[in-house]
Amino acid sequence: MQLLANTLALASIYILLAVGYVVVYRASRVLNLAHGELMMLAGYAFFGLVSATPGHPLWAVPAALVVSFLAGVGVYATLVRPMAGHPLFSAVLVTVSLGILLRGLVLLGWTADILYPLAVSGYKNVPWPLPGGAVLTTIDLLSILMAVTVLLALWGFFARSRLGIQMRAAAENPLLAAQRGVNIHLVFSLSWGISTFVAGVAAILYASKVRLDPEIGVIGLRAFPVALVGGLDSLAGVAPAGLAIALLENLAIRYVSPLLSDVVPFLALLVMLFVRPWGLFGTKEEIERV
Amino acid sequence: MAGTFRVLAWLAFMALLVISTPALAQEPYKVGITAAITGPAAVEYAARVETFRAYMSKVNSEGGINGHPIQLGYEDDRGEPARAATNAKKLVEQDKVVLLVNTSVSATYKPVMATVTEAKTPLLFGGGVCPQEVFPPANPLMFCTTSFAAQIDSDFAVRFMKEASKDKVRLGTATMDIPIARIGIDAAEAVGRKIGIEIVGRVTMPPGTADFTPFSSKLKDAGANWVFAWSPWSFEIGPYEALLNLGWQGNYMLYGHQQPIDAAYPRLNRENLYALVGASILAEGLPELKAMQEIAAKHGASRLDVEGWVAAVAVHEALKACGWPCSREKLQGAMSGLSITVKGVKGGPIQWSRDNHFRTEQWYKVYRWDSARQRAVTAKEWTKVDVAEKLKELREIIK
């Protein structure tokens, strides 16, 4: 039972991060390799805001998410938009450079010390016993809840809202969408904002449960196989892929070797690339474009 | 006329002497440091370098050593072997340092050792784990002040657990997947078995571990009532916090790296966390450490790191013993018989001998947190370990 609980907790963080890759890719066809670092930045924004508002930690959460959203919009406006017309890999390289820059800036601003935002906020991560002897903490439960909420909200947004439909149109054929009056740059910047907003949710939860330091951006890299296994252009694929990879990791730790946990996401990715390169729910044509 | 010339010549000579003396006096002792100032390991090492720098600034502000200032050359290796190799070459061959200090992860040791061996330059491991080369029979060029040493620490830790526990110890171990940590945990398990402790499980965590819960679940389910971790800090405290989140009620022991354990004790406020240390922690509130903290702050350090301070004291003492002028060869000779005392920080002096550049005696103390008094208290007082004897015993047990 604990295995299942651990799987759900880990999968929820993977899902929240993988969603960011998918949303940006669907809209702008850019693989954002600074996603982990943007998540880290949101974590530091959260820590800064928690520290600045002692006694009112709940204000820090929405404020950090706003900062996170604006960071995504800012990245699109200043770095990705100027790359329009250039080969897509140039934009990808820009995101790699951005990741390195962000890590450097965080080190300058906060040093490499390990920080614990939850301790600063005064809240505790309380363990809750579950049936079957399993235990999940408040943050674990919140992570699972947030993963479900984000997936449902994004599904609703893309399926029902005017802006969501415009984003899907822009993703499918930007030129045609632009000719039909869709503000392409608004749509793209919004997708970057949504991506970093969700990464911000993951950052707040992860930093509250585990720790905050300049290396937590590496988790973004671990969520990358989740996005690819699910299908880089498929939000529907994120949940099963996240659950499958988290389950495989937990099984490897418990029954094979804990050391395998690091390679399991990439093994799963490798298998998927052999069997179904476009991912569980991805579009076959899309992989040819990649 | 001849007399006047003699007087003028004498005055000119004196003037030259007066002019040249400050220049000579300002010729510095050159010391180089390659350290993990950034990168994943910076969590532990950056503060050490900061304290080291502050101590040297204090020495220089007091007139230097033997009338000469210390000139420090810093290079960041990010804990990466290739960068450390480049740094060592630059500092040793280009900057001509008389002593090289390594404050970084063990992965950087080999290339740095190769450079100093080639250039016959003394190398001090100040803040990173002591390598095999400083233990008897020691490499003549290599020295270490760091308080922790994988095998001897682990031996002391498991013996303490046995001594402190009324019930049978069922030990689980947690380690990061790096060679030095595995060596420490292997020793803990071997000694544990020898003294009648049941080893119920081990988790080896890869460096990229995101969530410690699955690893800790395994230890909890194995029925461990004690867990011992010997690793870089994140991989010591991570499994402990995950065990707490799982509602585990056992005792946890780790090597207490001073900076992070000082922060962790009040934050966690738990009495089942034992910290084995080779240097005192601030949470105990010793006046000597408070004084050091003030000095470090006065000289620009945002925090005190005891390991960094001890390494700096060792460099200070070594250069003092070397005198002026100080060559690499002379310094190496001076270091071979050096005794370094840092009052309040360690149980006894760090005494180097001709064939032991770790120290002849290692001192340990164990802390736990007293939640009622909100301070760290002693669980076991300073205890001396004879290093040569212990190494011999460990060789027997581990083989």
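Because the structure is predicted, anything quoted here is derived from the model rather than measured.

Cut-offs applied
Residues numbered from 1 in each chain as written. Chains lettered and ligands numbered in written order. Predicted model: local features only at pLDDT ≥ 70, side-chain atom pairs only at ≥ 80, totals over all residues. Helix = DSSP H or I, 4+ residues; strand = E, 2+ residues; numbered from the N terminus. Rg over C-alpha atoms; globule rule 2.2 N^0.38 Å. Buried ≥ 20, exposed ≤ 12 C-beta atoms within 10 Å, placed from the backbone. Contact = placed C-beta atoms within 7 Å. Nonpolar A, V, L, I, M, F, W, Y, C, P; charged D, E, K, R; others polar. Core = buried A, V, L, I, M, F, W, Y, C linked by C-beta atoms within 7 Å. Domains from an automatic or database assignment. Pairing = 2+ DSSP bridges. Axes fitted to C-alpha atoms, helices over the stretch in contact; angles between N-to-C directions. Expected span 1.5 Å × (residues − 1).

Asker: Describe the overall build of chain A, and please don't skip the residues or the numbers.
Answerer: A tally of regular secondary structure across chain A gives 13 helices and two strands. By the compact-globule yardstick of 19 Å for 290 residues, chain A fits well, its C-alpha radius of gyration being 19 Å. In terms of overall dimensions, chain A has a C-alpha envelope of 55 × 45 × 35 Å along the principal axes. Sorting the 290 residues of chain A into buried and exposed places 50% on the buried side. The contacts in chain A between residues at least 6 apart in sequence include a share of 75% that link residues at least 24 apart.

Asker: Tell me about the interface of chain A and chain B, residues and numbers included.
Answerer: Note: interface size is frequently given as the accessible area lost on complex formation between the parts. Residue-level contacts link 30 residues of chain A with 26 residues of chain B. Secondary structure elements with two or more residues in the side of chain A that touches chain B: helix 1 (2-28), strand 1 (127-129), strand 2 (135-137), helix 10 (218-230) and helix 11 (238-256) of chain A. The leading source of residues in the side of chain A that touches chain B is helix 1 of chain A, at four residues. Classifying every residue of the side of chain A that touches chain B gives 16 nonpolar, seven polar and seven charged.

Asker: Account for the nonpolar core, naming residues and giving values.
Answerer: Membership of the largest hydrophobic core comes to 231 residues, with the highest contact counts inside it found for Tyr14, Ala18, Phe46 and Ala202 of chain A together with Leu276 of chain B. A per-element tally of this core places helix 1 of chain A first, with 18 residues. No fewer than three residues from each of domain 1 (25-148 + 286-362) and domain 2 (150-283 + 364-398) of chain B sit in this core. When neighbours within four sequence positions are excluded, phenylalanine 46 of chain A is seen to be in contact with Ala60, Ala64, Pro117, Ala203, Ile204 and Ala207 of chain A.

Asker: Lay out the pairing of strand 13 (residues 361-370) of chain B with the relevant residues and their values.
Answerer: All names here are of chain B. Most of strand 13 sits inside the fold, with seven of its ten residues counted as buried. Strand direction decides the pairing type here: strand 10 (residues 273-277) and strand 13, joined by four bridges, are antiparallel. Along strand 13, the bridge assignment pairs valine 277 with lysine 365. Sheet analysis places strand 13 next to strand 14 (residues 375-386), joined by nine bridges and oriented antiparallel. Note that in strand 14 the partner of valine 366 across the bridge is lysine 380.

Asker: Residue-level account of the sheet that holds strand 9 (residues 251-255) of chain B, with values.
Answerer: All names here are of chain B. With respect to topology, seven strands assemble into an open sheet ordered 7-6-8-9-10-13-14, the strand pairing being mixed. Looking along the sheet, the strands with just one partner apiece sit at the ends: strand 7 (198-205) and strand 14. Strand-to-strand twist of the sheet, defined as the mean angle between neighbouring strand axes without regard to direction, takes the value 20 degrees. Taken together, the four bridges between strand 8 (residues 226-229) and strand 9 define a ladder with parallel strand orientation. Bridged to alanine 229 within strand 9 is leucine 254. Of the strands in this sheet, strand 6 (170-176), strand 7 and strand 8 touch helix 7 (residues 213-221), which is tilted by about 175 degrees from strand 7.

Asker: Tell me about the domain arrangement of chain B, residues and numbers included.
Answerer: All names here are of chain B. Domain assignment breaks chain B into domain 1 (25-148 + 286-362) and domain 2 (150-283 + 364-398). Contact with domain 1, which involves 30 residues of that partner, is made by 25 residues of domain 2. Counting only elements with at least two residues in the side of domain 1 that touches domain 2, the list comes to helix 2 (42-61), helix 10 (287-298), helix 11 (306-322) and strand 13. For the side of domain 1 that touches domain 2, the class distribution of residues is 14 nonpolar, nine polar and seven charged.

Asker: Break down the environment of aspartate 153 of chain B for me, with residues and values.
Answerer: Residue and element names in this part refer to chain B. Within the secondary structure, aspartate 153 sits in helix 5 (residues 150-164). When the 25 C-beta atoms within 10 Å are taken as the criterion, aspartate 153 is described as buried. Dropping the residues within four chain positions of it, aspartate 153 is found in contact with Phe148, Gly184, Trp230, Tyr255 and Leu276.

Asker: Describe unusual backbone geometry, naming the residues involved and giving the relevant values.
Answerer: All names here are of chain B. A cis amide bond links proline 136 to the next residue, proline 137, at an omega of -5 degrees. Position of proline 137 relative to the elements: it lies in the loop between strand 4 (123-125) and strand 5 (142-144). With phi around 55 degrees, lysine 96 is a residue other than glycine that occupies positive phi space. Checked against the element boundaries, lysine 96 lands in the loop between helix 3 (81-94) and strand 3 (99-103). Of note, glutamine 374 is a non-glycine position whose phi angle comes to about 55 degrees, a positive value. Take glutamine 374: it is sitting in the loop between strand 13 and strand 14. Residue glutamine 374 is classed as exposed on the basis of its 11 C-beta neighbours within 10 Å.

Asker: Help me get a handle on helix 11 of chain A, residues and values and all.
Answerer: Here helix 11 of chain A contains 19 residues, and its C-alpha end-to-end distance of 25 Å stays within 8% of the 27 Å for a straight helix at 1.5 Å per residue. Turning to helix 11 of chain A, its buried residues number three or more, namely Val238, Ala239, Ala241, Gly242, Leu243, Ala244, Ile245, Ala246, Glu249, Asn250 and Ile253 of chain A. Where the residues of helix 11 of chain A are buried, they touch helix 1, helix 6 (138-160), helix 10 and helix 12 (264-275) of chain A together with helix 7 of chain B.

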